[in-house]
Amino acid sequence: MCGIVCYVGRKEVKPILLEGLKRLEYRGYDSAGLAIQDGNRIELHRAVGKIAELEKEVNDVNIRGTMGIAHTRWATHGEPTEENAHPQRDQDENTFVIHNGIIENYLSLKRMMERQGITFRSETDTEILAQLIGLNFDGSLHEAVRKSLSQVEGTFGVAVIHKSTPHEIVVARRGSPLIIGVSDHGHFVGSDIAAMVTYTNKVVHLRDNEMARLTVDDFSISTAQAKPIERSLETVEWRAEEAELNGFPHFMLKEIYEQPETIKNAIRGRLEPSEGVPKLGGIEPVWEKLKECRHMVIVACGTSYYAGCVGMYIFEKLTEIDVEVELASEFRYRKLNFPRNTFVVAMSQSGETADTLAAIKEARRKGASLLGIVNVVGSSITRETDAGIYNHAGPEIGVASTKIFTSQVTILTLLAVLLGRHQKLSLTEGVEIIRALQALPNQVKKVLSQSNHIQAIAEKYYGCGNWLFLGRKYNYPLAMEGALKLKEISYIHAEGYAAGEMKHGPIALINPKMPTVAVVPKDDMYEKMISNIHEIKARKGPVIAIATQGDDKIKAMVDEMVEIPPTFDFLNPILAGVSCQLLAYYCASFLGREIDKPRNLAKSVTVE
Ligand code: M6R
């Protein structure tokens with residue numbers, strides 16, 4: 001996720017910005033840059049890759065100055081190149097902008113400015129902001145930013161400087177966090193406390209739709225309508241390492257808690273609620289072919305594979321497309337039939353998984369069209385596919401994939417609804433599903449609010465060496481994903497099974513020391529799942545149910561229950577997925593495991 005650090009004060013700014021950027025490295029980034037006001041010039045330096053590259057470049061030039069803005073970029077619009085890195089500037093090189101978030105109407109604004117003769121240098125949505133502020137500048141930077149942001153749809157945490165207003169930084173927030181730091185030698189702005197923690201622990205949090213103007217000795221906050229706001233300083237007690245984790249003990253837990261936001265990011269700007277249809281710009285190049293597609297193969301590994309399996313059931317429900325899901329590592333050993341107009345969908349968080357890349361090559365050889373669903377912009381899979389959809393979930397640092405699973409299921413649902421609306425879904429059905437997707441972030445928050453309860457369940461059972469996860473239909477792949485989460489971070493042995501298969505073998509394992517996690521929401525598999533629970537209870541096996549909120553029947557039957565809010569059957573794996581992630585996390589935490597970097601595992605598996 002992109003990072004922001006800015007300073008205006010009495011100290012030399014270059015080392016302050018470089019130190020802040022290094023502190024923000026943990027967020028993940030692919031390029032970095034800074035702009036420093038040096039006399040009446042603004043020095044701009046950007047570099048692809050590590051902060052060390054940028055540091056080398058700026059250390060070779062003599063830049064003095066006490067005000068500047070700096071940024072680590074995690075690419076969303078346009079590949080990681082120097083020209084796409086931030087700060088972005090306007091045509092006349094007067095306005096310099098750094099930005100976190102996504103400008104949704106950037107294309108229409110770009111067209112509007114191109115008609116006025118503005119030429120663009122980058123592929124970023126951020127350049128649109130720089131150009132717009134440059135056009136609107138009339139002596140007051142604050143007013144130019146205010147006016148420009150009123151024309152913008154989307155999310156932003158933005159910091160702006162202008163050549164004609166030295167010693168002044170204007171910042172604004174809608175959706176992406178910004179914090180102002182106050183020290184005895186000047187003012188800071190950061191996307192989080194880590195950016196300034198070496199210099200100050202006195203901060204003010206900017207809220208959504210607020211702006212601020214910072215100078216050496218003062219700062220003022222106002223609403224987006226320029227109404228002044230008074231806010232007192234807070235003292236933060238975090239050390240530097242704690243600041244990177246935003247107060248969470250591990251990245252995995254932090255990422256679990258990011259899910260309301262990452263699900264929002266997956267659907268942001270991609271819904272036409274009144275038409276009951278999603279819009280996915282990334283698949284435009286193949287749309288004519290895709291809408292005729294009747295056969296799809298999803299290839300992926302690990303958690304991405306399980307998300308693909310949930311997607312298969314969703315496609316079956318919402319479209320007329322036959323979907324198969326194949327482990328990327330097995331794909332090349334299969335002799336799959338590829339009827340005309342087959343689409344192979346490669347799904348991957350990293351976009352670098354070697355097995356998935358090999359499967360893509362094989363599919364290409366067989367003449368399939370290729371779609372990618374990938375989180376890392378510009379990664380190998382994005383280059384090897386014909387078109388694709390990004391997760392926009394920000395970097396996932398914990399080795400165990402969490403926020404990407406729920407994001408992938410969300411995106412597969414969007415794709416299925418889009419294709420389904422061309423095939424068999426009515427307007428009403430489309431509208432209802434879109435409403436359910438919009439409700440998901442708050443529903444995930446409700447699951448997260450049971451964190452203490454889930455921790456207590458984990459405390460009771462983490463000593464058990466073998467676990468079973470059961471589900472049917474949409475929740476069968478979720479059972480496998482729940483088992484994978486538990487085993488990879490806690491090293492507890494766990495099996496994920498289709499509940500109907502239990503009687504064909506695993507039932508022999510049931511005993512009072514083997515907990516079963518039964519995913520039993522009120523869906524069309526409900527009664528059958530209840531029979532499975534009876535079978536386990538008859539053998540004195542403890543049952544932890546993940547069930548629909550308020551389901552007293554299940555509560556009376558099982559040992560523990562985690563509640564998920566009601567939604568469409570096919571969205572239950574998202575809510576149940578969050579419950580399984582928390583359960584695995586707390587078990588691993590009680591066992592004292594190295595949660596973010598479990599033994600023998602790498603975040604990105606780049607060998608076959
Ligand atoms: O980057 P990818 O989504 O392609 O990675 C696939 C798997 O390696 C990954 O999901 C892995 O299974 C995770 N450790 C699961 O938590």
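Please read these numbers as outputs of a predicted model, since none were measured by experiment.

Analysis parameters
- Residues numbered from 1 in each chain as written.
- Predicted model: local features only at pLDDT ≥ 70, side-chain atom pairs only at ≥ 80, totals over all residues.
- Heavy atoms only, no water.
- Near = heavy atom within 4 Å.
- Polar contact = N/O pair within 3.5 Å; in protein donor to acceptor, adjacent residues only side chain to side chain.
- Areas by Shrake-Rupley, 256 points an atom, 1.4 Å probe, with all protein chains shown as cover.
- Helix = DSSP H or I, 4+ residues; strand = E, 2+ residues; numbered from the N terminus.
- Nonpolar A, V, L, I, M, F, W, Y, C, P; charged D, E, K, R; others polar.
- Domains from an automatic or database assignment.
- Buried < 20%, exposed > 50% of the residue type's maximum accessible area, 1.4 Å probe, protein only.
- Contact = heavy atoms within 4.5 Å.
- Phe/Tyr/Trp six-rings, centres within 6.5 Å; stacked < 30°, edge-to-face > 60°.
- Pairing = 2+ DSSP bridges.
- Axes fitted to C-alpha atoms, helices over the stretch in contact; angles between N-to-C directions.
- Buried area = accessible area lost by both parts, 1.4 Å probe.
- Salt bridge = Lys/Arg side-chain N within 4 Å of Asp/Glu carboxyl O.

As for the site of the ligand
Around the ligand, 14 residues are found, and the nearest of them are S304, S348, Q349, T353 and E488. The backbone of T303 places a nitrogen or oxygen atom 3.1 Å from an oxygen atom of the ligand. K485 places a polar side-chain atom, nitrogen or oxygen, 3.0 Å from an oxygen atom of the ligand. If the ligand stood free it would expose 410 Å²; the protein chains cover 91% of that surface. At the level of secondary structure, the elements contributing two or more residues to the shell around the ligand comprise α10 (302-318) and α17 (475-490). Residue contributions to the shell around the ligand peak at three residues, all from α10. Split into classes, the residues belonging to the shell around the ligand amount to four nonpolar, eight polar and two charged. Built from parts of two domains, the shell around the ligand gets at least three residues from each of domain 2 (245-444) and domain 3 (450-608).

Here's the deal with helix α4 (residues 126-136)
Taken across its eleven residues, α4 has nine buried, putting it largely inside the fold. Here α4 has its buried residues at T126, E127, I128, L129, A130, Q131, L132, I133 and N136. On its buried side, α4 packs onto β5 (88-89), β6 (95-100), α3 (106-115), α5 (141-149) and β7 (156-162).

What to know about the packing of aromatic side chains
Tallying each qualifying case throughout the model produces eleven aromatic pairs. Relative to Y199, the ring of F188 has its centre 5.4 Å away and its plane inclined at 25°; by these criteria the two rings are stacked. Residue F188 is found in strand β10 (residues 186-190), and its partner Y199 is found in the loop between β10 and β11 (202-205); the two are separated by eleven residues along the sequence. Since its relative accessible area comes to 29%, Y199 is described here as partly exposed. On the basis of an interplanar angle of 20° and a centroid distance of 5.2 Å, the ring pair of F568 and F570 is categorised as stacked. Residue class for F568 comes out partly exposed when judged on its relative accessible area of 28%.

A few points about the sheet that holds strand β15 (residues 234-235)
On the basis of which strands lie adjacent, the open sheet formed by eight strands has the order β3-β2-β4-β1-β10-β9-β11-β15 and antiparallel pairing. What marks the edges here is a single partner per strand, and that holds for β3 (41-48) and β15. In terms of strand pairing, strand β2 (residues 31-38) meets strand β4 (residues 67-73) through seven bridges, oriented antiparallel. Bridging across to β4, G33 finds its partner in H71. Together, β1 (3-9), β2, β4 and β10 form the strand contacts of helix α1 (residues 13-23), whose direction differs from that of β4 by roughly 20°.

Looking at the domain arrangement of the chain
Looking at the assigned domains, one finds that the chain contains domain 1 (3-242), domain 2 (245-444) and domain 3 (450-608). Placing a centre on the C-alpha atoms of domain 1 and another on those of domain 2 gives a separation of 32 Å. Facing the 15 residues of domain 1 at the interface are 17 residues of domain 2. Between domain 1 and domain 2 the total buried area reaches about 1300 Å² when both faces are included, carbon and sulfur atoms providing 64% of it. Here domain 1 is connected to domain 2 by zero salt bridges. On the surface where domain 1 and domain 2 come into contact, there are zero residue pairs in polar contact (both at pLDDT 80 or more).

Concerning the pairing of strand β8 (residues 169-174)
Along β8, five of the six residues are buried, which leaves the element largely enclosed by surrounding structure. Of the pairings in the sheet, the one linking β7 to β8 comprises five bridges and is antiparallel in character. Counted as the bridge partner of V158 is A172 from β8. Connecting the antiparallel pair β7 and β8 is a turn made up of six residues, with H167 showing a positive phi of about 65°. When β8 meets strand β12 (residues 210-214), the two strands line up antiparallel, connected through five bridges. The partner of A172 across the bridge, within β12, is M211.

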